[in-house]
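Breakdown of the fold
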Amino acid sequence: MLVDAATLYFRAFHALPTSLTDPQGRPNNAVRGFLDGLRVLRDAHRPDRIVACWDEDWRPQWRVDLLPTYKAHRVADGEEGGDETPDQLAPQVPVIAEVLQALGIPVVGAPAMEADDVVAALALAAQEPVDIVSGDRDLVQLVSDAAQRRLLYLGTGVGKHTVFDEAAVEAAYGVRPERYADLAVLRGDPSDGLPGAAGIGAKTAARYLAAFGDLEGVLAAAETVAPPLTAAKAAVLREAADDLRSALRVVRLQPGAVTVPEVPRDEAALQRLGDRHGITTALRRWDA
Ligand code: MN
Ligand code: MN
């Protein structure tokens, strides 16, 4: 089980009140919610191993260079994954990392890599079936029945997560997982600052991809105005072609070099962390 940790701790933080505190009175809602959420997912899917994938860089410069609007609004808004993590969440993030390692769950990140890219690297290298836990649709790209890779997608919450295999991806998006990036680029994605092609929504984008294969196929069809493209839509696509190609490089996952350390469970550390951060009950539930 590869966990996109940031999506889980942001959801935990927003799902539980900051009136939940540790013995010093500091909010520990995200720590508690993260542990409880991960436990629910573990119990539902019974992985042999869990690895927590960390955003060492939530907005890598190389992606911003390709697409200046990439996550640009999050810098200002302090939304999920932004560098303006809410003040009451920020101090809980390193605690979550510490607790995970004490539980024997490695925390893996790498410079200039989003958690998305870390997940991709580990998922593609895995020799065994992989369940990916994330609230980020970009990870749909990794779903593969042949490789036994699924996405446990956290929509509104952990309890109501959606299991994406290839059929579920096609039912939801109208494309196969390996074409999800092409779809996202054509459709656009406001939450990541992807502009898309004006007037082309998700359904139309899926129809074009079904007709022409991939983004390059759609752009080639725009040159000759091949049906089902209309002259107006073809003109939009020709105009946007270079930006769409750049956006595709941004959306595609970039599996870099990452290694997973062996992390032994540390009972003394768990005792200390449980007392200090007021999470002995959550840790007891983890082991129950
Ligand atoms: Mn991400
Ligand atoms: Mn992403």
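In every chain, residue numbers begin from 1 and rise along the written sequence. Whichever chain is written first is A, and whichever ligand is written first is 1; the rest continue in order. The predicted nature of this model means local features are confined to residues of pLDDT at least 70 and side-chain atom pairs, given and counted, to a pLDDT of 80 or more, with totals for whole chains, interfaces and linings taken over all residues. Values shown for side chains rest on all heavy atoms present in the structure; no hydrogens or waters enter the calculation.

So, on to the coordination of the manganese ion (ligand 2). Around the manganese ion (ligand 2), the donor atoms from the protein are D116 (OD), D136 (OD) and D138 (OD), and they sit 2.1 to 2.2 Å away. Because no water is among the atoms considered, metal sites can look incomplete, with donors defined as N, O and S atoms within 2.8 Å of the metal, or 3.2 Å for Na, K and Ca. The motif formed by the donor residues of the manganese ion (ligand 2), counted along the single chain, is D-x19-D-x1-D. In this structure the manganese ion (ligand 1) is found 3.6 Å away from the manganese ion (ligand 2), and D116 serves as a bridging donor for the pair. Within this pair, whereas D116 is found in helix α6 (residues 115–125), its partner D138 is found in the loop between β4 (130–134) and β5 (149–153), the two being separated by 22 residues in sequence. Across this residue pair, the class does not change: D116 and D138 are buried. Every helix listed is a DSSP run of H or I at least four residues long, and every strand listed is a run of E at least two residues long, numbered separately from the N terminus. Relative accessibility decides the category of a residue: with a 1.4 Å probe and only protein chains considered, values under 20% of the type maximum give buried, values over 50% give exposed, and everything between is partly exposed.

A few words now on the side chain of R149. The topology assignment puts R149 in strand β5. Counting of polar contacts relies on pairs of N or O atoms within 3.5 Å, with two restrictions inside protein: one atom must be capable of donating a hydrogen and the other of accepting it, and residues adjacent in sequence are counted only when both atoms are side-chain atoms. Among the polar contacts made by the side chain of R149, one reaches the main-chain carbonyl oxygen of L142 at a distance of 2.7 Å. For R149, the residues in contact, after removing those within four places along its chain, are A123, L124, V130, L142, V143 and S144. What makes two residues a contact is simply this: any of their non-hydrogen atoms within 4.5 Å.

What follows covers the pairing of β5. Each regular strand carries side chains that alternate between the two faces of the sheet. Burial runs high along β5: 4 of the 5 residues are buried. Of the strand pairs in this sheet, β4 and β5 are connected by 5 bridges, and their pairing is parallel. Within the sheet, the bridge partner assigned to S134 lies in β5 and is Y153. When β5 meets strand β6 (residues 162–164), the two strands line up antiparallel, connected through 3 bridges. Within β6, the residue paired with L152 across the bridge is V163. Pairing between two strands is assigned when DSSP locates at least 2 bridges connecting them.

Let's shift gears to the nonpolar core. Membership of the largest hydrophobic core comes to 58 residues, with the highest contact counts inside it found for L237 and L244. If we skip the residues at most four places from it in the chain, L237 touches L186, A197, I200, Y208, V218, L219, A222, L229 and L244. Judged by nonpolar contacts, the second largest core, of 39 residues, contains Y9, F10, F34 and A282. Only buried residues count toward a nonpolar core, which is a set of Ala, Val, Leu, Ile, Met, Phe, Trp, Tyr and Cys residues joined through side-chain atoms within 4.5 Å.

Turning our eyes to something else, we now look at the sheet that holds strand β2 (residues 51–53). Spatially, β3-β2-β1-β4-β5-β6 is the arrangement adopted by the 6 strands of the open sheet, whose pairing is mixed. A strand with exactly one partner marks an edge of an open sheet, and here the two such strands are β3 (107–108) and β6. Here 3 bridges tie strand β1 (residues 2–4) to β2, and the two strands are oriented parallel to one another. Bridging across to β2, D4 finds its partner in C53.

This next bit is on the pattern of salt bridges. When a carboxyl oxygen of Asp or Glu is within 4 Å of a side-chain nitrogen of Lys or Arg, the pair counts as a salt bridge. Per the stated rule, a full pass over the model turns up 22 salt bridges. The closest approach of N and O atoms between R74 and D192, which form a salt bridge, is 2.6 Å. Residue R74 is located in helix α4 (residues 72–77), and its partner D192 is located in the loop between α8 (180–187) and α9 (202–212); the two are separated by 118 residues in the primary sequence. Both residues of the pair, R74 and D192, belong to the buried class. Salt-bridge contacts for R176 lead to E170; the nearest nitrogen and oxygen are separated by 3.4 Å. Classification of R176 as partly exposed rests on a relative accessible area of 36%.

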